[in-house]
Amino acid sequence: MIDRLEKEVDMLERHLQVLRMVIENEPIGIVKMSNETGYPHHKVRYSLRVLEEENLIEPSSQGAITTEETGEFVDDLDEKIDHIGEKLEGMKIDDAAEVEN
């Protein structure tokens with residue numbers, strides 16, 4: 001059950017790392033991102049596709065670039081991650097509620 005969540009978080013981390021690279025280095029191509037992150041080309045390509053579907057990046061002849069929506073997404077990101085972290089923190093099972101063996 002928790003394994004799926006962990007995989008989703010890992011994938012989100014990769015998507016955000018790719019987005020960060022586009023923001024900091026635009027325009028940037030798949031090969032450069034793959035070399036710098038260590039992710040295989042197909043994983044970088046998938047992250048770029050997801051980011052493009054979310055209108056956070058767009059392709060150009062020189063590589064991926066940001067869109068008008070990127071700034072607003074980045075501005076809201078930390079707050080959303082903090083909110084999710086608080087939800088996860090609230091899901092913990094306290095020591096007082098330990099299951100008896």
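Residues numbered from 1 in each chain as written. Predicted model: local features only at pLDDT ≥ 70, side-chain atom pairs only at ≥ 80, totals over all residues. Heavy atoms only, no water.

Caption draft 1: Summary view of the nonpolar core. Judged by nonpolar contacts, the single largest core of 14 residues is most densely connected at Leu19, Val22, Met33, Leu48, Leu51 and Ile57. At the level of secondary structure, the elements contributing two or more residues to this core comprise helix 1 (2-25) and helix 3 (41-53). Per-element accounting of this core gives the leading share, 5 residues, to helix 1. In this structure leucine 19 touches Leu51, Leu56, Ile57, Thr70 and Phe73, once residues within four positions along its chain are discounted. (Core = buried A, V, L, I, M, F, W, Y, C linked by side-chain atoms within 4.5 Å. Buried < 20%, exposed > 50% of the residue type's maximum accessible area, 1.4 Å probe, protein only. Helix = DSSP H or I, 4+ residues; strand = E, 2+ residues; numbered from the N terminus. Contact = heavy atoms within 4.5 Å.)

Caption draft 2: Summary view of the side chain of threonine 37. Tracing the sequence through the fold places threonine 37 in helix 2 (residues 30-37). Take threonine 37: its relative accessible area is 19%, and that puts it in the buried class. Within the local environment of threonine 37, its side chain forms a polar contact with the backbone oxygen of methionine 33, the two atoms lying 2.8 Å apart. Here the side chain of threonine 37 touches tyrosine 39 through a polar contact of 3.1 Å, landing on its backbone nitrogen. Not counting residues up to four positions away in its chain, the partners in contact with threonine 37 are Gln17, Met21 and Val44. (Polar contact = N/O pair within 3.5 Å; in protein donor to acceptor, adjacent residues only side chain to side chain.)

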